Amino acid sequence: MKNKEPFQTRRSALKNMGFGVLGIAASRNLIFATNHHKDQTALKGNINHSVCRWTYSFLSVEQLCQTVKQIGFSAIDLAGPKDWPILQQYGIFSSMCNGAEINLTDGWNNTAFHPKLISSYLEHIDLVANAGYKNLICFSGSKRGMDDETGLENCVNGLKQIMSAAEKKGVIIQMELLNSKVDHKDYMCDNHKWGVELCKRLGSPNFKLLYDIYHMQIDEGDVIRTIRDNHPYFGHYHTGGVPGRHEIDESQELYYPAIMKAILATGFKDYVAQEFIPAGPDKIASLQKAISICDV
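Here is what the cut-offs are and how they apply
- Residues numbered from 1 in each chain as written.
- Predicted model: local features only at pLDDT ≥ 70, side-chain atom pairs only at ≥ 80, totals over all residues.
- Heavy atoms only, no water.
- Helix = DSSP H or I, 4+ residues; strand = E, 2+ residues; numbered from the N terminus.
- Buried < 20%, exposed > 50% of the residue type's maximum accessible area, 1.4 Å probe, protein only.
- Contact = heavy atoms within 4.5 Å.
- Areas by Shrake-Rupley, 256 points an atom, 1.4 Å probe, with all protein chains shown as cover.
- Polar contact = N/O pair within 3.5 Å; in protein donor to acceptor, adjacent residues only side chain to side chain.
- Phe/Tyr/Trp six-rings, centres within 6.5 Å; stacked < 30°, edge-to-face > 60°.

**Side note on the overall build of the protein chain**
- When helices and strands are counted, the protein chain shows eleven helices and eight strands.
- Among the 296 residues that make up the protein chain, the fraction classed as buried is 57%.
- A sequence separation of at least 24 residues applies to 77% of the contacts in the protein chain between residues at least 6 apart.
- Summing over all exposed atoms, the protein chain offers an accessible surface of approximately 12,100 Å²; the carbon and sulfur share of this is 51%.

Quick look at the structure:
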């Protein structure tokens, strides 16, 4: 993946939280996963589970693939082309591809970035399709004093130049909803109404929103009603505990079993990816528990 990948700040945060000493942590966690996999109840198969690569960056890609297989699901989110050969070696699906974006702040709402974005996305649409994947993430970018209407117009004008290629190749471009209150100050696509309006104006079945439950709980709340009312525009979901973006267990305010049931009730068949930063002493156990909580 390119050096200027958008998740560097997230990964830097992980390093600051003490996820060093990779070998010791990874070995202990992998031993846990191996020892406990046999005791697990088989997943129900109603939810297609995934986990975001960056939240488990203290494991190598190969170790994360092994852990995912041992827990009992088969997808990893936010993996780029350089990681795909390892995923394919383990039979792991790249459920949300990245690598085409510039970063989280320089996005489609600013015409200055359109030439670079258009070139990169056209290249990655081919890469994603040729690898047998279908979801490719994108970002609105920061406002920088821009009003919402101008941002919408700019996004439409730029994205229209890649959508025919996406439609032809069967690739779904998914713009992530991020909160601007805590984590991503000034981000434009920070509410579902703006994102849904963008979907409507583009009018393509190959453009969707990545509804991040953590982010939207912070900026909007009313998660289940929003999913019920707007699900045709949501192509993917991310989890995370609120507040803090840690484990999705009883330590935080959201009740994920009810949210998962609401997602299932819409007929959703794609992926729900865990995107929490594990804070517990056994980080593999945290992932296993999160999958269990969401396996309704």
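**Remarks on helix H7 (residues 192–202)**
- His192, Trp194, Gly195, Val196, Leu198, Cys199 and Leu202 are the residues of H7 that are buried.
- Contact partners of the buried residues in H7: helix H6 (148–169), strand S5 (172–176), strand S6 (207–212), helix H8 (213–219), helix H9 (223–230) and strand S7 (234–238).
- Where H7 begins, the capping side chain belongs to Asn191, and its oxygen is found 3.3 Å from the backbone nitrogen of Lys193.
- Downstream of H7 by one or two residues, Gly203 has phi in the positive range, about 65 degrees.

**Examining the packing of aromatic side chains**
- Using the criterion set out here, one finds ten aromatic pairs in the structure.
- Ring centres of Tyr211 and Tyr237 lie 6.0 Å apart, and the angle between their planes is 65 degrees; this geometry places the pair in the edge-to-face category. A residue pair is termed long-range when its members are at least 10 positions apart, and Tyr211 in strand S6 and Tyr237 in strand S7 qualify at 26 residues. The pair formed by Tyr211 and Tyr237 is uniform in burial state, with each residue classed as buried.
- Aromatic rings pair up to connect Trp84, Phe93, Tyr133 and Tyr271 into one cluster.

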